[in-house]
Amino acid sequence: MTTHETAGHATTTGLDNRKVMMWAFIGSDCLFFASLVSTYLLYRGKSVVGPYPYEVFNIPYTSVSAFVLLMSSLTMVLALGAIQRGDHTRLRIWLLATSILGCIFLGGQYFEFTVFVEQGVTLQGNLFGSSFFTLTSFHGLHVTFGVVILMSFFVMSLRGRLSQEQSLNIELAGLYWHFVDIVWIVIFTVVYLIEAPNIVH
Amino acid sequence: MAANSGSLPRFLERPTSYTTGVWGWITTVDHKKIGIMYGFTAIFFFLLGGLEAVVIRSQLAFAGNEIVSPDIYNQLFTMHALTMIFLAIMPLAVTFFNLIVPLQIGARDVAFPRLNALSYWIYLSGGLLLNAGWILGGAADSGWFAYAPLTLDQYGSGGRGMDFYSLGLLVLGVSSVAGGLNFLVTIINMRAPGMTLMRMPVFTWMAFITSILLVTAMPVITIALIELALDRILGTQFFAPGAGGDPLLWQHLFWVFGHPEVYILILPAMGIVSEVLPTFSKKPLFGYPFIIFSGIFIGFMGWAVWSHHMFTVGMGPVANATFAITTMLIAVPTGVKIFNWIGTMWGGSIDFKTPMLFSIGFVFLFIIGGLSGVSHAAPPSDYQQQDTYYIVAHLHYVLFGGAIFGIFSGIYYWWPKFSGKLLNENLGVIHFALLFIGMNMSFGPMHWLGMDGMPRRIYTYGAEYGWEFWNTVSTIGSYIIALGTIVFIVNVFYTMRQERRTDLADPWDGRTLEWSIPSPVPEYNFKEIPIVNGLDSFWDTKYSTDEQGYMTPIPQGASDDNQEDEEVDIHMPGLSYFPFITGIGLSVSGFGFAIYSQFNVVGLTVAIVGILATFFGAYGWCFEPADPEDHH
Amino acid sequence: MATEHHNTEHPSSTKYVVIALILSVVTAIEVAVVYVEALAAALIPILLLLSVGKFVVVVGYYMHLKFEHKLFTILFASGLILAIYVLCALMLLFGVFI
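Because the structure is a prediction, the values reported are computed rather than measured. (Residues numbered from 1 in each chain as written. Chains lettered and ligands numbered in written order. Predicted model: local features only at pLDDT ≥ 70, side-chain atom pairs only at ≥ 80, totals over all residues. Heavy atoms only, no water.)

A tally of helices and strands in chain A yields six helices and zero strands. Helices and strands in chain A line up, N terminus first, as α-α-α-α-α-α. With the principal axes as the frame, chain A shows a C-alpha extent of 60 × 35 × 30 Å. Across the 201 residues that make up chain A, the buried fraction comes to 66%. Here the analysis covers contacts within chain A between residues at least 6 apart in sequence; of these, 80% occur between residues at least 24 apart. Accessible surface computed for chain A: about 6,700 Å², of which carbon and sulfur atoms make up 67%. On chain A, the mean spot of the 9 positive side-chain charges and the mean spot of the 11 negative ones are 8 Å from each other. (Helix = DSSP H or I, 4+ residues; strand = E, 2+ residues; numbered from the N terminus. Buried < 20%, exposed > 50% of the residue type's maximum accessible area, 1.4 Å probe, protein only. Contact = heavy atoms within 4.5 Å. Areas by Shrake-Rupley, 256 points an atom, 1.4 Å probe, with all protein chains shown as cover. Lys, Arg positive; Asp, Glu negative; His and termini not counted. Charge placed at Lys NZ, Arg CZ, Asp CG, Glu CD.)

What follows is the structure, encoded as structure tokens:
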């Protein structure tokens, strides 16, 4: 199935076109997030009115979110291992688990946003609100998209349309999912943790 | 992605029968047909941008002229730049990527044919979206780099143009990234056996570097545009000075993208020239590896010079000095390339056909544009030139004298490959002469005007400044360019009515693989995937070099590889509706968001419809078998 | 040539669980460090170091990059290095480090 799009001749490097594309896309996506993180960091401390990040961030709460997303990477990699062994039952379990963890993360983000809005941080309120919500919801959109893909594969697998030979699909979805996870590793540190209570503002 | 699906509605199953007609074009995934659509669309936008330029020049022809209102004038110069950069030069370069790259690397198509079709449909609809402002409350009017906070209603004109700017460019960015990824993978992974990186034709190399730049630079402007769109539509504070928003952030993000973008515009033209010059000089390219490594170095350095567009904003001496040095460094690889091109022509038996004329014109005009560029790499001198007509002169020498001349060279060079007809040589020479004279007359005097202090983007000027004479000359020059372009259009129509010839497989005695197959190129490109033994390996099948370095033709046997009469059964990817649906859907959603602040409910509805169409298209795409014969 | 990469050097499921444990512990350390007053001065370098560690482990093992063709590393690294470069250059230009 790998060479359908190439009108039937093997690739120069022997690598699959779609996998090369996925890594190139991830490289490109790094620059999307770098631009957003740049905006956030350059505007850090530049808001002329509050609320300010250290007043609203709840580090323990976000740590749990970060942990959930980290664990979804584990379940994702287990799903890939399962399909590569041809273990379709475990594939479905781990795909479902990954999607659920992703949904928990998204739910957590939604709840966090509503709490922030109650505390007066809004998209329009100040620079912090504008840059924070844009960055985190851009990431949230990535997670949402990933959940849609994983659920699609889950349904495909249930209907018997995802064979062991098509494990590359799961591998690519996994690459995307892990990338979204590492972006959160970065955001968790440079957005949340550096607002730590012991740093003088 | 994969997997068969029996659940698609019948009318959306992969069509197999359309080969011609409107549906044939809408559902095509053939890189040649997509390239031709790119080409004609881009020429259309080129004419539109040219028309805008003629109106601008007419307005400036005399002091105190009032042909258009100041408001329309702002829209004209903004849209002229956007149209020429994003809708004409970039897509014309992509036209050649599509048409030539798969042929030069010996492939039957690009790596992702449907993605390729998607890029085109987004480009077409995004181009219309960007221009929709003309009829819906005004086109973009803050200049093509749209400095904050002029782009916000309370500081700018208050028209709706910047909504179409931000969303139009966002949509077009998707097309560029998709195209960049596609050609990146194609060039990495679809090369014929034996075609190592250092045996790739220079044009393919430049396409490769350009693709890398597209994939890495477009994300930065995408984020800047998202922030701008959010500011305008949802009221965020990114560029609002009152809330602490920093206009310099926009400038930096814009130029972080903007300078690689400059090389996205010029590198493909350099690639074309590097193909044309050796062919018409009957010599191999002088210093192939130097040209390649210079191209790589230029692409790389494109990331380290962006702030030279901002010397006058007050970044401080350290930053200014750093960016001045990196900028001046770029003159080195550029100079290397120019010497290589001259070295290629040196001692060659030069055949002054139209493609060659345009390529020589490119080298000549690009030297002038490059030198004026070096003159504002130095901050003190840039302080004088910033925002004057001197900059306008410089950028037109590199983008018109450079990119456009290179592209016309490519059009004349490769036209027979895809049509089996030669563009008329006499009309071609007239076209070149008019363009060359008109170009120098139009943009040459702008150097003087700029040094004399005439600012860019002014709507009119008083007679007492003494700028009128050179402005009149410049306007006459622009009319000559327009006349030359009309000659080109006449040539195209005249040529299209000619009989198709069968002897044009290799009309220029070419060196690269695309000349080894019949013209027009069969759908499957290569009957057998070629094996490549070296740089210019097609040339090597035609000529041998003796001890003194002279080329002697190898007698061609009775081999008639170029006959296309026998039937070959080569399996090609099937047609698809989904790229069209996905691409149009994306632009429709962009349109919805762009009119959202004017017509809330309608805008939101249109946006949702567009998003649903995009998802429907993308989903259908994923579940469509990549290959129609897989369908059970 | 390189299509036989699956299942050969693939770490086992147990290994993946161990990696997840390490990642969790590092995350816990990150959060804990934030509350230690004595480390306040060196907090940002410590946090950056720890998150870079997590980043590298996820990319190397979960994304399998350590075991793959070097082309993938080149593609990813060029995007990542440019991204870091742009971020640092902008922060330098805006005087964040000074």
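So, about the pattern of salt bridges. Per the stated rule, a full pass over the model turns up 19 salt bridges over all chains. Salt-bridge contacts for Lys-19 of chain A lead to Glu-68 of chain C; the nearest nitrogen and oxygen are separated by 2.7 Å. Linking Lys-19 of chain A in helix α1 (residues 17-42) with Glu-68 of chain C in the loop between α2 (43-62) and α3 (70-93), this pair reaches from one chain into another. When its relative accessible area of 13% is taken as the criterion, Glu-68 of chain C is described as buried. Across the pair Asp-163 of chain B and Arg-232 of chain B runs a salt bridge, and its minimum N-O distance is 2.7 Å. You can see Asp-163 of chain B sitting in helix α5 (residues 161-189) and its partner Arg-232 of chain B sitting in helix α6 (residues 202-233), a full 69 residues away along the chain. Judged by its relative accessible area of 0%, Asp-163 of chain B falls in the buried class. Its relative accessible area of 11% is what places Arg-232 of chain B among the buried residues. Through salt bridges with shared partners, a single network forms among Asp-153, Arg-160, Asp-163 and Arg-232 of chain B. (Salt bridge = Lys/Arg side-chain N within 4 Å of Asp/Glu carboxyl O.)

Now for helix α7 (residues 247-281) of chain B. Residue and element names in this part refer to chain B. Counted at 1.5 Å a residue, the expected span for α7 with its 35 residues is 51 Å, and the 50 Å between its end C-alpha atoms agrees. Approximately 25° is the largest bend angle found in α7, and it occurs at Trp-255. Counting buried positions along α7 gives 32 out of 35 residues, so the element sits mostly inside the fold. N-cap assignment for α7: the residue whose side-chain oxygen lies 2.9 Å from the backbone N of Leu-248 is Asp-246. Looking one or two residues past α7, Lys-282 carries a phi angle of roughly 55°, positive in sign. (Expected span 1.5 Å × (residues − 1). Bend = angle between axes of the 7 residues up to and from the residue. Polar contact = N/O pair within 3.5 Å; in protein donor to acceptor, adjacent residues only side chain to side chain.)

Core analysis: the largest hydrophobic core is formed by 293 residues, its most contacted members being Phe-132 of chain A, Tyr-165, Trp-250 and Phe-362 of chain B together with Phe-76 of chain C. Shared between two domains, this core takes at least three residues from each, and those domains are domain 1 (2-67) and domain 2 (69-98) of chain C. Every residue in contact with Tyr-165 of chain B, bar those within four places of it in the chain, is listed here: Leu-82, Leu-130, Ala-140, Gly-143, Trp-144, Phe-145, Ala-146, Leu-225, Leu-228, Trp-250 and Phe-254 of chain B. (Core = buried A, V, L, I, M, F, W, Y, C linked by side-chain atoms within 4.5 Å. Domains from an automatic or database assignment.)

So, on to the domain arrangement of chain C. All names here are of chain C. According to the domain assignment, chain C contains domain 1 (2-67) and domain 2 (69-98). In this complex, domain 1 contributes five residues to the contact, which on the side of domain 2 involves five residues. Between domain 1 and domain 2 the total buried area reaches about 370 Å² when both faces are included, carbon and sulfur atoms providing 83% of it. For the pair domain 1 and domain 2, the number of links is zero salt bridges. (Buried area = accessible area lost by both parts, 1.4 Å probe.)

All names here are of chain C. Looking at chain C as a whole, its pLDDT mean stands at 87, while 88% of the residues score no less than 70. At the level of individual helices and strands, chain C shows its lowest average pLDDT in helix α1 (residues 13-35), which scores 93, and its highest in α3, which scores 96. Across residues 1-8, confidence stays below pLDDT 50; counting only partners more than four residues off in sequence or on other chains, it has 10 contacts. (pLDDT = per-residue confidence, 0-100.)

Size of an interface: often given as the accessible area lost when the parts come together. The interface is formed by 43 residues belonging to chain A together with 53 residues belonging to chain B. Taken together, the two surfaces of chain A and chain B that pack against each other cover about 4,000 Å², and 68% of this comes from carbon and sulfur. Scanning the region where chain A abuts chain B turns up zero salt bridges. There are 14 residue pairs in polar contact (both at pLDDT 80 or more) connecting chain A and chain B. Of all the elements in the fold, those that place two or more residues in the side of chain A that touches chain B are α1 and α5 (127-158) of chain A.

For any pair of aromatic rings, geometry is given as the distance between the ring centres together with the angle between the planes. According to the stated counting rule, one finds 81 aromatic pairs over all chains in the structure shown. Their ring planes at 55° and their centres at 5.2 Å tell us that Phe-280 of chain B and Trp-508 of chain B sit as a pair that is tilted. On the criterion of sequence distance, the pair formed by Phe-280 of chain B in helix α7 and Trp-508 of chain B in the loop between α14 (468-496) and α15 (537-542) is long-range, its members being 228 residues apart. Measuring from centroid to centroid gives 6.4 Å for Trp-306 of chain B and Tyr-85 of chain C, while their planes differ by 80°, and the two rings are edge-to-face. (Phe/Tyr/Trp six-rings, centres within 6.5 Å; stacked < 30°, edge-to-face > 60°.)

Let us now look at helix α13 (residues 425-451) of chain B. Residues and elements named next belong to chain B. Taking 1.5 Å as the rise per residue, α13 with 27 residues should run 39 Å; its terminal C-alpha atoms sit 39 Å apart, in good agreement. Near the N-terminus of α13, the side chain that reaches the backbone nitrogen of Asn-426, with its oxygen 2.9 Å away, is that of Asn-424. Following α13 by one or two positions, Gly-453 has its phi on the positive side, about 95°.

Next up on the list: the packing of helix α3 (residues 59-85) of chain A against helix α6 (residues 167-192) of chain A. All names here are of chain A. Closest axis-to-axis distance for the α3/α6 pair is 9 Å, and the angle between their directions is 165°. Taken together, the axes of α3 and α6 are roughly antiparallel relative to one another. By crossing handedness, the relation of α3 to α6 is classed as left-handed. Tallied by class, residues from the contact of α3 with α6 come to 17 nonpolar, eight polar and two charged. (Axes fitted to C-alpha atoms, helices over the stretch in contact; angles between N-to-C directions. Parallel < 35°, antiparallel > 145°, perpendicular 65-115°, else oblique. Left-handed = near helix turned anticlockwise from the far one by under 90°. Nonpolar A, V, L, I, M, F, W, Y, C, P; charged D, E, K, R; others polar.)

As a rule of thumb, non-glycine residues mostly have phi less than zero, and peptide bonds are mostly trans rather than cis. A cis amide bond links Gly-50 of chain A to the next residue, Pro-51 of chain A, at an omega of -5°. If you trace the backbone, Pro-51 of chain A turns up in the loop between α1 and α2 (53-56). Ser-519 of chain B connects to Pro-520 of chain B through a cis peptide bond whose omega is -15°. The residue Asp-387 of chain B is not glycine, and still its phi comes out positive at about 65°.

If pLDDT is low for a region, its predicted coordinates should not be looked at in detail. Of all residues in chain A, 94% have pLDDT values of 70 or greater, and the mean over the chain is 91. Between residues 1-9 of chain A, whose pLDDT stays under 50, and residues either more than four places distant or in other chains, the model counts 25 contacts.

Turning our attention to the interface of chain A and chain C. Contact with chain A, which involves 45 residues of that partner, is made by 49 residues of chain C. Both faces considered, chain A and chain C share a buried interface measuring about 4,200 Å² in area, 78% of it formed by carbon and sulfur atoms. At the boundary of chain A and chain C, one finds four residue pairs in polar contact (both at pLDDT 80 or more). Every element with two or more residues in the side of chain A that touches chain C is listed here: α1, α3 and α6 of chain A. The element contributing the most residues to the side of chain A that touches chain C is α1 of chain A, with 13 residues. Of the residues that constitute the side of chain A that touches chain C, the class distribution is 31 nonpolar, 10 polar and four charged.

What follows covers a nonpolar patch on the surface. Taken together, the side chains of Phe-145 of chain A together with Phe-593, Leu-604, Ile-608, Ile-611, Leu-612 and Phe-615 of chain B make up a nonpolar region of the molecular surface, amounting to roughly 630 Å² of accessible area. Sort the elements by how many residues they give to the nonpolar patch and helix α17 (residues 600-623) of chain B lands first, with five residues. Residue placement: Phe-145 of chain A occurs in helix α5. (Patch = residues over 30% accessible without salt bridge, like charges linked within 9 Å, V, L, I, M, F, W, Y side chains within 5 Å.)

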